[in-house]
Amino acid sequence: MQVPFLDLRTQFQSLREELLPEMTAVMEKAAFIGGPALRDFEAAFAAFCGAEHAVGVASGTDALQLALRAAQVEPGAEVITAANTFVATVEAIALAGCKPVLVDMDPETYHLDIGKIEDAISPRTRVIMPVHLYGDPVDMDPILEIARRHELLVIEDAAQAHGATCRGRSCGALGDLAGFSFYPGKNLGAYGDGGAVTTGSAEYATRLRQLGDHGSAKKYHHDFLGTNSRLDALQAVVLATKLRHLPEWNVSRRAVARAYEERLGDIEDLRLPRIREDFEPVFHLYVIRSKRVQEIDAALQAAGIGFGYHYPVPVHLQPAFRELGEPGRFPEAERGAKEILSLPMFAEMSEDQIDYVAGILRAVFER
Ligand SMILES: *Cc1c(COP(=O)(O)O)cnc(C)c1O
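Cut-offs and rules
Residues numbered from 1 in each chain as written. Predicted model: local features only at pLDDT ≥ 70, side-chain atom pairs only at ≥ 80, totals over all residues. Heavy atoms only, no water. Near = heavy atom within 4 Å. Polar contact = N/O pair within 3.5 Å; in protein donor to acceptor, adjacent residues only side chain to side chain. 1 Å grid on protein atoms, 1.4 Å probe; cavity = no way out; pocket = protein on both sides within 12 Å on 5 of 7 lines; lining within 4 Å. Sits in = over half its atoms within 2 Å of the grid points. Helix = DSSP H or I, 4+ residues; strand = E, 2+ residues; numbered from the N terminus. Expected span 1.5 Å × (residues − 1). Buried < 20%, exposed > 50% of the residue type's maximum accessible area, 1.4 Å probe, protein only. Arc of directions from axis to C-beta. Points joined across faces, edges and corners; volume = space filled by probe spheres on them. Nonpolar A, V, L, I, M, F, W, Y, C, P; charged D, E, K, R; others polar. Domains from an automatic or database assignment. Phe/Tyr/Trp six-rings, centres within 6.5 Å; stacked < 30°, edge-to-face > 60°. Lys NZ or Arg CZ within 6 Å of the ring centre and 35° of its normal. Pairing = 2+ DSSP bridges. Axes fitted to C-alpha atoms, helices over the stretch in contact; angles between N-to-C directions. Contact = heavy atoms within 4.5 Å.

What follows concerns the site of the ligand. Residues in contact with the ligand amount to 14 residues; listed here are only the nearest, Gly 60, Thr 61, Gln 160, Ser 181 and Lys 186. The separation between an oxygen atom of the ligand and a polar side-chain atom of Thr 61 is 2.5 Å. Taking Asp 157, its side chain carries an N or O atom lying 2.8 Å from a nitrogen atom of the ligand. In this structure, the ligand is accommodated by the largest pocket. Taken together, the elements giving at least two residues each to the shell around the ligand come down to helix 3 (60–70) and helix 4 (87–95).

As structure tokens, this is what we get:
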């Protein structure tokens, strides 16, 4: 047996009949940019998140960058975020002209350590950008409380968390703004790149639309420096169609997580994701942690099982971001990078596939 890390081809087969007429209609109308397809998706996605507004953009990276610019966070301002994240979080902050300030990983949740946020605040801090990493919502209440006390904005990096909830409220509706990615492998993935910003503020939403359309509210009239960052109509119909299935897919992902837990929960030196009360994760990734990760790596490879590291090199150890900290500066993130591995996780995963992966893992710990 072979088990892929994720399986987008099987998903496409289940959507084919529903999706192709929608895509054909866009091409027949030749309405590729903007128009009703985009507006319908934006409205549906905003409603899904429980946010007032959603604005489609070209990628998750742009969503975060443009969220900072829409909120008029001035260049040079400091933005606090997680040392353990995908590089794009930090890249977006730098691209907006701001200074990323990292907070080490909490070894329990793998999120930024909330207890260390206040130590990272300076007179130049304007924003906290928590990352709902792996599809597991950050505990937002203490972050919102810190933000209120220090008059900071909160911009969620929700790129991995479509549909995840924290105390009954959806990621994307918890802070002032949120950035989502529709990269194909995300829980809600386009057939190409895409992203969206959600916000409760009409003012931010209006500025976002303008930022992504060359700073223009009226064709050929440009009020400020913008860029070209749009979600096109073909991606909008793909996403609108998939959004209808997303709740059931997220339920299936949680069922896969439970099945792993049942099969692997008793193994010592194998830490599985923990679900906190009042939090509903969507398992963008299913990460395990162990000191024996190299043996697990070899066993999975030999068995034809797809897996990944998220992320093998912490951001501050990347050549691109050396200025963010010397080796040893964020010890929990550095340790995590060596011990955290992601198992196959997708909604269509079969019982046989789960059994197979779990069996290979158990064998590692039984030798
Ligand atoms: C995917 C991702 C992004 C960036 O999204 P793109 O659409 O690839 O630009 C940002 N942050 C996190 C945590 C991500 O996983």
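Next, the rest of the story.
Quick look at helix 2 (residues 36–49) now. Owing to its 3.6 residues per turn, the α-helix aligns residues three or four sequence positions apart on the same side. The first and last C-alpha atoms of helix 2 sit 20 Å apart over 14 residues, in line with the 20 Å expected at 1.5 Å per residue. Listing the buried residues of helix 2 in full gives Leu 38, Phe 41, Glu 42, Phe 45, Ala 46 and Cys 49. Viewed end-on, helix 2 has its buried residues packed into an arc of 130°, placing them on one side of the element. Seen from the buried face of helix 2, the exposed residues on the opposite side, beyond 90 degrees, are Pro 36, Arg 39, Asp 40 and Ala 47.

This paragraph deals with empty space enclosed by the protein. Taken as a whole and judged by the stated rule, the model has three cavities of 30 Å³ or more. Of the volumes computed, that of the largest cavity is approximately 120 Å³. What lines the largest cavity is a set of 15 residues, among which Leu 8, Gln 11, Lys 186, Asn 187 and Arg 253 lie closest to the centre. Elements that contribute at least two residues to the lining of the largest cavity include exactly helix 1 (8–29) and helix 8 (233–264). Partitioning the lining of the largest cavity into residue classes produces six nonpolar, four polar and five charged.

Looking now at the layout of surface pockets. Its boundaries defined by the atoms lining it, the largest pocket holds a volume of some 480 Å³. Residue lining of the largest pocket: 27 residues in total, with Phe 86, Gln 160, Tyr 183, Lys 186 and His 284 positioned closest to the centre. Secondary structure elements with two or more residues in the lining of the largest pocket: helix 3 and helix 4. Here the element with the most residues in the lining of the largest pocket is helix 3; it accounts for three residues. Across the lining of the largest pocket, the residue classes tally to twelve nonpolar, eleven polar and four charged. Each of domain 1 (8–243) and domain 2 (246–366) contributes no fewer than three residues to the lining of the largest pocket. Roughly 400 Å³ of internal volume is contained in the second largest pocket.

Here we come to the packing of aromatic side chains. Tallying each qualifying case throughout the model produces eleven aromatic pairs. Between Phe 45 and Phe 48 the ring centres are 6.2 Å apart and the planes differ by 25°, which places this aromatic pair in the stacked class. Of this pair, Phe 45 and Phe 48 both sit in helix 2, three residues apart, roughly one helical turn. Among the aromatic residues, ring-to-ring pairing joins Phe 41, Phe 45, Phe 48, Phe 180 and Phe 182 into one connected group. Against the face of Phe 279 rests Arg 276, its NZ or CZ located 3.9 Å from the ring centre.

Next up on the list: the sheet that holds strand 8 (residues 177–181). The strands making up a sheet are joined through hydrogen bonds of the backbone, oriented either antiparallel or parallel. Taking strand neighbours across the sheet as the criterion, the seven strands line up as 1-9-8-5-4-2-3 in an open arrangement whose pairing is mixed. Every other strand in the sheet has two partners, leaving strand 1 (53–57) and strand 3 (99–103) as the edge strands with one partner each. Direction aside, neighbouring strands of the sheet carry axes that sit 25° apart on average. Strand direction decides the pairing type here: strand 2 (residues 78–82) and strand 4 (residues 125–129), joined by four bridges, are parallel.

Here we take up the sheet that holds strand 12 (residues 279–280). With antiparallel pairing, the three strands of this open sheet are ordered in space as 7-6-12. Edge positions in the sheet fall to strand 7 (169–170) and strand 12, since each has one partner strand and no second. For strand 6 (residues 165–166) and strand 7, the ladder comprises two bridges, and the chain directions are antiparallel. The residue bridging Thr 165 from the neighbouring strand is Ser 170, located in strand 7.

Let us look at the side chain of Asn 84. Relative to the helices and strands, Asn 84 is located in the loop between strand 2 and helix 4. On the basis of relative accessibility, which here comes to 9%, the residue Asn 84 falls in the buried class. Here Tyr 110 takes part through its backbone oxygen, which lies 3.1 Å from a polar atom of the side chain of Asn 84. Within the local environment of Asn 84, its side chain forms a polar contact with the side chain of Tyr 134, the two groups lying 3.5 Å apart. Discounting residues that sit within four places of it in the chain, Asn 84 has contacts with Met 105, Tyr 110, Leu 133, Tyr 134, His 310, Tyr 311 and Ala 333.

In short, geometric facts, not functional conclusions.
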